[in-house]
Amino acid sequence: MRLAYRKQGLWGLLDHRSTRTASPTGRADERVVAAVREALRRRRHRSKGTINGLFPLIHQILEDRHGARTVPGHAVPARHFSRPPR
């Protein structure tokens, strides 16, 4: 706390959780968000299909841009929704 006070004064002693701004995509991996946007852009003038129809395209975009298995599996949307979101 002394170091924070030396570096930033009183501002360094504050709890900064309330001063953080929220991201519109939350804590999602930026690479996945970009891939989802690209997939939606590619399907813009076609039949909307289903959400599960987008997943193969999202995975293909991620592999093309970043290589196979470079984006962690937990960052990529799941293919099936067996449970409702919490």
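Look above for the structure.
Below you will find a few notes about this structure. All figures in this text were calculated on a predicted structure; none of them were measured in a lab.

**Digging into helix 2 (residues 30-42)**
- Its 13 residues place the ends of helix 2 18 Å apart at the C-alpha level, agreeing with the 18 Å of an ideal helix rising 1.5 Å per residue.
- Looking only at helix 2, the buried set comprises Val-32, Val-33, Ala-35, Glu-38 and Ala-39.
- Looking at the buried side of helix 2, the elements it contacts are helix 3 (51-66).

**Topic: the pattern of salt bridges**
- A complete count under the given rule lists five salt bridges for this structure.
- In this structure, Arg-42 engages Glu-38 in a salt bridge whose closest nitrogen and oxygen atoms are separated by 3.0 Å. You can see Arg-42 and its partner Glu-38 sitting in helix 2, four residues apart, about one turn around the helix.
- Under the relative-accessibility criterion, Arg-42 is labelled partly exposed at 40%.
- Beyond isolated ion pairs, a larger network of salt bridges with shared partners links Glu-38, Arg-41, Arg-42 and Arg-65.

**Some remarks on a nonpolar patch on the surface**
- A cluster of nonpolar side chains, contributed by Met-1, Tyr-5, Leu-10 and Leu-13, occupies part of the molecular surface with about 490 Å² of accessible area.
- With respect to the element layout, Leu-10 can be found in the loop between helix 1 (2-8) and helix 2.
- By relative accessible area, which is 63% here, Leu-10 ends up exposed.

**Structural notes on helix 3**
- Here helix 3 spans 22 Å end to end across 16 residues, near enough to the 22 Å set by a 1.5 Å rise per residue.
- Contact partners of the buried residues in helix 3: helix 2.

**Here we look at the packing of helix 2 against helix 3**
- In contact at an axis separation of 9 Å, helix 2 and helix 3 are set at 120° when each is read in the N-to-C sense. Judged by the inter-axis angle, helix 2 sits oblique to helix 3. Here helix 2 and helix 3 pass one another in a crossing that is right-handed. In contact with Arg-31, Val-32, Ala-34, Ala-35, Val-36, Glu-38, Ala-39, Leu-40 and Arg-42 of helix 2, helix 3 contributes Leu-54, Leu-57, Ile-58, Ile-61, Leu-62, Arg-65 and His-66.
- Residues that form the contact of helix 2 with helix 3 fall into these classes: 11 nonpolar, one polar and four charged.

**Quick notes on the nonpolar core**
- Listed in full, the 10 residues of the largest apolar core are Val-32, Ala-35, Ala-39, Leu-54, Phe-55, Leu-57, Ile-58, Ile-61, Leu-62 and Val-71.
- Secondary structure elements with two or more residues in this core: helix 2 and helix 3.
- Among the elements that line this core, the one with the most residues is helix 3, at six residues.
- Those residues within four positions of Leu-54 in sequence are excluded, and the remaining contacts are Ala-39, Leu-40 and Arg-43.

Calculation criteria
- Residues numbered from 1 in each chain as written.
- Predicted model: local features only at pLDDT ≥ 70, side-chain atom pairs only at ≥ 80, totals over all residues.
- Heavy atoms only, no water.
- Helix = DSSP H or I, 4+ residues; strand = E, 2+ residues; numbered from the N terminus.
- Expected span 1.5 Å × (residues − 1).
- Buried < 20%, exposed > 50% of the residue type's maximum accessible area, 1.4 Å probe, protein only.
- Contact = heavy atoms within 4.5 Å.
- Salt bridge = Lys/Arg side-chain N within 4 Å of Asp/Glu carboxyl O.
- Patch = residues over 30% accessible without salt bridge, like charges linked within 9 Å, V, L, I, M, F, W, Y side chains within 5 Å.
- Areas by Shrake-Rupley, 256 points an atom, 1.4 Å probe, with all protein chains shown as cover.
- Axes fitted to C-alpha atoms, helices over the stretch in contact; angles between N-to-C directions.
- Parallel < 35°, antiparallel > 145°, perpendicular 65-115°, else oblique.
- Left-handed = near helix turned anticlockwise from the far one by under 90°.
- Nonpolar A, V, L, I, M, F, W, Y, C, P; charged D, E, K, R; others polar.
- Core = buried A, V, L, I, M, F, W, Y, C linked by side-chain atoms within 4.5 Å.

All we've got here are geometric facts, nothing functional implied.
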